[in-house]
Number of protein chains: 2
Amino acid sequence: MKIVSEAKAHGGRQGVYTTSSQACGCDMTFAVFTPPQAKEQLCPVVWYLSGLTCTHANVMDKGEYRRLAAELGLIIVCPDVSPRGDHVPDEPDNWQFGKGAGFYLDATEAPWASHYRMETHILEELPALIAAHFAADMGRQSVMGHSMGGHGALTFALKNPERFKSCSAFAPIVQPSTADWSRPALAKYLGDDESLWRRHDATLLIADGARFDAFLVDQGTADGFLETGLRPWLLGQACTDAGIALTLRMQEGYDHSYNFVSTFMDDHLAWHAERLV
Amino acid sequence: MKIVSEAKAHGGRQGVYTTSSQACGCDMTFAVFTPPQAKEQLCPVVWYLSGLTCTHANVMDKGEYRRLAAELGLIIVCPDVSPRGDHVPDEPDNWQFGKGAGFYLDATEAPWASHYRMETHILEELPALIAAHFAADMGRQSVMGHSMGGHGALTFALKNPERFKSCSAFAPIVQPSTADWSRPALAKYLGDDESLWRRHDATLLIADGARFDAFLVDQGTADGFLETGLRPWLLGQACTDAGIALTLRMQEGYDHSYNFVSTFMDDHLAWHAERLV
């Protein structure tokens, strides 16, 4: 792990780091906020997974998580959303696939399978680094995300309910296997057999029996992706059918941007802190 | 005034606007956060002046002012720091002069005087626009800024104590007429007669008799510009000599970045809100 930058912020430390990722076959960058409490005790870890076109930096710059994370004593880890580098295959003109669009899965199809392995990167590689280099209590982890990262948070939680104490999402893609902007990516990363897509789709994971105690989801009503890309009512129906406690809040007038995410960040951090005690 | 973008944020509205500036001879961009209280009443206005290399966007993205401004009912106006456009003269390789480095003055020397008139832009043009287009109580204004913008805030307040109810600064350039990174800019904008520089220098304005009730200044001890560019002790001495109440807080371990600014933003907003009632 190499330090790219570290700066004191809200009494804690906002850092940016890189690691040589075996899973992704490239250097991967990630941001970690360490709260002041970490000087004296192990702190719980909240993962924030970002959306399409983002890097680790968008939420670090615009997410407004540091003030309350410092107060609550939460370590916040913000990974990148895809492999990077000139040697990594890509569709440079397609913002919904390739670099900036890893969809939090391990690709199985050539040429993508050799680098697009974000599930292993975030669920195996990064936790080992966080445990080794930060005052992290890895027995207390939660996950949240925005848009494509909301999809990542929901699917990671449903597949790893023993690891994550809580899960929340801002405007998540709840059914990527049927949404226009994600279906083509799943086909390219995973092949044409749609039965293999189901473990990367929150609603279909629930239909197939995966369970998680409770989700908090915020969704802006002025979000341009609401009707075709996000469709939180599909998650609502899946949770109702499965008996999962979903707190779905339709937030009047909010769009898909970090103006929306930052507005409700405090609520999400409090949701996680309550469940990480 | 044209709307570039508007988005709901923290119950209020974060907007970006442009105006055709007579003073600067170009289109000028600025950001305005309007708190939810503005739907029902006129709200006080806090001006935030940014530092070298910035635009309106840096503090809008990283300043973390919206949550508390929405709670306190403050309109936050964030101007650009210089004229812009291909026709505006510049020294493209010099980050301490020209575009991105207007130094909050009206230039008198050719070729800069035809565009570099940020003092008129911010003290005359923008207030007229804010009064006309927002629910702003122009009888209640305050000013704050960061680095070069801290210089702007201090000098604007000292020259307009009847207009600004309060003034604060993050890591301000307190004596630009003697600091390495600002002296050459003053010479180019204002000419060689240093007596004309004094009204753009907070410490020399005070020495020449300008007064303001009180200043709040935060300064990081790990700020790389502290010793040569910023030197808050010079403001300390000037305020002591003049009987101005300066609250100067040296903040241990903080650098010059928005990690520092955002950490103490709440304190500054509270400082202004108390004085804007």
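As the structure is a computational prediction, the values presented were derived from the model and not from experiment.

S.K.: Help me understand the overall build of chain A, please; the structure alone is not making it clear to me.
M.R.: A tally of helices and strands in chain A yields 9 helices and 9 strands. On C-alpha atoms alone, chain A measures out to a radius of gyration of 17 Å, which is about the 19 Å that the 2.2 N^0.38 rule sets for 277 residues. Overall size of chain A, expressed as C-alpha extent along the three principal axes, is 50 × 45 × 35 Å. Across the 277 residues of chain A, 61% fall into the buried class. Look at the contacts in chain A between residues 6 or more apart in sequence, and 72% of them connect residues 24 or more apart. Charged side chains of chain A number 22 positive and 34 negative; the gap between the two group centres comes to 5 Å.

S.K.: I'm lost on the sheet that holds strand 2 (residues 12-21) of chain A in this one. Help?
M.R.: By way of backbone hydrogen bonds, the strands of a sheet pair with one another, either parallel or antiparallel. All names here are of chain A. Read across the open sheet, the 9 strands follow the order 1-2-3-5-4-6-7-8-9; overall the sheet is mixed. Of all strands in the sheet, those bounded by a partner on one side alone are strand 1 (2-9) and strand 9 (245-251). The sheet shows a mean angle of 20° between the axes of neighbouring strands, direction not considered. Of the strands in this sheet, strand 4 (43-49), strand 6 (136-146), strand 7 (164-170) and strand 8 (214-220) are in contact with helix 4 (residues 148-159), which crosses strand 6 at around 140°. Seen against the sheet, helix 9 (residues 258-275) touches strand 4, strand 5 (75-79), strand 6, strand 7, strand 8 and strand 9 and runs at an angle of roughly 165° to strand 7.

S.K.: Would you mind showing me how to read the interface of chain A and chain B here?
M.R.: Interface size is often expressed as the accessible area that is lost when the parts come together. The partner chain B presents 20 residues to the 20 residues of chain A that form the contact. Together chain A and chain B conceal approximately 1700 Å² of surface at their shared face, both sides included; 43% is due to carbon and sulfur atoms. Run the count over chain A and chain B and you get 2 salt bridges. Linking Glu64 of chain A and Arg66 of chain B is a salt bridge whose minimum nitrogen-to-oxygen distance equals 3.2 Å. Inspection of the region where chain A meets chain B yields 10 residue pairs in polar contact (both at pLDDT 80 or more). Looking at the side of chain A that touches chain B, the elements with two or more residues in it are strand 1, helix 1 (57-62), helix 2 (66-72) and helix 9 of chain A. Broken down by element, the side of chain A that touches chain B gets its largest block of residues, 5 residues, from helix 9 of chain A. Considering only residue class, the side of chain A that touches chain B consists of 4 nonpolar, 7 polar and 9 charged.

S.K.: Help me understand the confidence of the model for chain A in this model?
M.R.: Caution applies to low-pLDDT regions: their predicted coordinates should not be interpreted in detail. Residue and element names in this part refer to chain A. Taken over all residues, the pLDDT of chain A has a mean of 98, while the share at 70 or more is 100%. Taken element by element, the predicted model of chain A shows its lowest mean pLDDT in helix 7 (residues 226-230) (97) and its highest in strand 5 (99). For this predicted complex, the interface score ipTM comes out at 0.95, alongside a pTM of 0.97.

S.K.: Whenever I open this one, helix 9 (residues 258-275) of chain B confuses me. Can you help?
M.R.: Every α-helical turn comprises 3.6 residues, leaving residues that sit three or four positions apart pointing alike. All names here are of chain B. Compared with the 26 Å implied by 1.5 Å per residue over 18 residues, the 25 Å span of helix 9 between its first and last C-alpha is a close match. Along helix 9, the helix axis deviates most sharply at Met265, where the bend reaches about 45°. Summarising burial for helix 9: 14 of the 18 residues are buried, a large majority. Backbone nitrogen of Asn259 and a side-chain oxygen of the N-cap are separated by 3.0 Å at the start of helix 9; the cap is Ser257.

S.K.: How should I be thinking about the relation of the copies chain A and chain B in this particular structure?
M.R.: What relates the two chain copies is a rotation about an axis together with a slide along it. For the pair chain A and chain B, the superposition axis carries a translation of 0.0 Å, the fit reaches an RMSD of 0.0 Å, and the rotation angle comes to 180°. Taken together, these values place the two copies in the relation of a two-fold axis. When the interface residues of chain A are mapped onto chain B, 100% of them again lie at the interface, so the same face is used by both copies.

S.K.: What is the right way to read the pattern of salt bridges from this model?
M.R.: Two side chains that carry opposite charge are able to pair once their charged atoms sit near each other. The final tally for this structure, using the stated rule, is 28 salt bridges over all chains. Here Asp106 of chain A ties to Arg117 of chain A by a salt bridge, and the two come within 4.0 Å at their closest N and O atoms. A residue pair is termed long-range when its members are at least 10 positions apart, and Asp106 of chain A in the loop between strand 5 and helix 3 (118-133) and Arg117 of chain A in the loop between strand 5 and helix 3 qualify at 11 residues. For Arg198 of chain B, the salt bridge identified is with Asp208 of chain B, shortest N-O distance 2.8 Å. Placement of Arg198 of chain B in the loop between helix 5 (183-190) and helix 6 (202-207) and of Asp208 of chain B in the loop between helix 6 and strand 8 (214-220) is noted, with a sequence separation of 10 residues between them. Judged by relative accessible area, Asp208 of chain B falls into the partly exposed class, the value being 48%. Each of Glu119, Lys159 and Arg199 of chain A takes part in a single network of salt bridges with overlapping partners.

S.K.: I'm lost on the packing of aromatic side chains in this one. Help?
M.R.: Aromatic ring pairs are defined here through the distance separating the ring centres and the angle between the ring planes. A complete count under the given rule lists 34 aromatic pairs over all chains for this structure. Residues Phe212 of chain A and Phe215 of chain A carry aromatic rings whose centres are separated by 5.5 Å and whose planes lie at 10° to one another, so their mutual orientation is stacked. Here Phe212 of chain A falls in the buried class, since its relative accessible area comes to 7%. In this structure Phe215 of chain A comes out as buried when scored by relative accessible area, which is 0%. The ring of Tyr65 of chain B has Arg66 of chain B sitting right over it, with the charged end atom 5.1 Å from the ring centre. Over the ring of Trp271 of chain B we find Arg275 of chain B; its NZ or CZ atom is 3.5 Å from the centre of that ring.

S.K.: Explanation requested: the sheet that holds strand 5 (residues 75-79) of chain B in the structure shown.
M.R.: Residues and elements named next belong to chain B. The mixed open sheet is built from 9 strands, whose spatial order is 1-2-3-5-4-6-7-8-9. If you trace the sheet from one side to the other, it starts and ends with strand 1 (2-9) and strand 9 (245-251), each paired once. Across the sheet, the axes of successive neighbouring strands diverge by a mean angle of 20°, strand direction being ignored. Sheet topology places strand 6 (residues 136-146) next to strand 7 (residues 164-170); 6 bridges connect them, and they run parallel. Paired with Val143 across the bridge in strand 7 is Cys167. Across the sheet, helix 8 (residues 232-242) lies against strand 8 and strand 9, angled at about 155° from strand 9, the strand it touches most.

Thresholds applied
- Residues numbered from 1 in each chain as written.
- Chains lettered and ligands numbered in written order.
- Predicted model: local features only at pLDDT ≥ 70, side-chain atom pairs only at ≥ 80, totals over all residues.
- Heavy atoms only, no water.
- Helix = DSSP H or I, 4+ residues; strand = E, 2+ residues; numbered from the N terminus.
- Rg over C-alpha atoms; globule rule 2.2 N^0.38 Å.
- Buried < 20%, exposed > 50% of the residue type's maximum accessible area, 1.4 Å probe, protein only.
- Contact = heavy atoms within 4.5 Å.
- Lys, Arg positive; Asp, Glu negative; His and termini not counted.
- Charge placed at Lys NZ, Arg CZ, Asp CG, Glu CD.
- Pairing = 2+ DSSP bridges.
- Axes fitted to C-alpha atoms, helices over the stretch in contact; angles between N-to-C directions.
- Buried area = accessible area lost by both parts, 1.4 Å probe.
- Salt bridge = Lys/Arg side-chain N within 4 Å of Asp/Glu carboxyl O.
- Polar contact = N/O pair within 3.5 Å; in protein donor to acceptor, adjacent residues only side chain to side chain.
- Nonpolar A, V, L, I, M, F, W, Y, C, P; charged D, E, K, R; others polar.
- pLDDT = per-residue confidence, 0-100.
- Expected span 1.5 Å × (residues − 1).
- Bend = angle between axes of the 7 residues up to and from the residue.
- Least-squares fit on C-alpha atoms with pLDDT ≥ 70 in both.
- Phe/Tyr/Trp six-rings, centres within 6.5 Å; stacked < 30°, edge-to-face > 60°.
- Lys NZ or Arg CZ within 6 Å of the ring centre and 35° of its normal.

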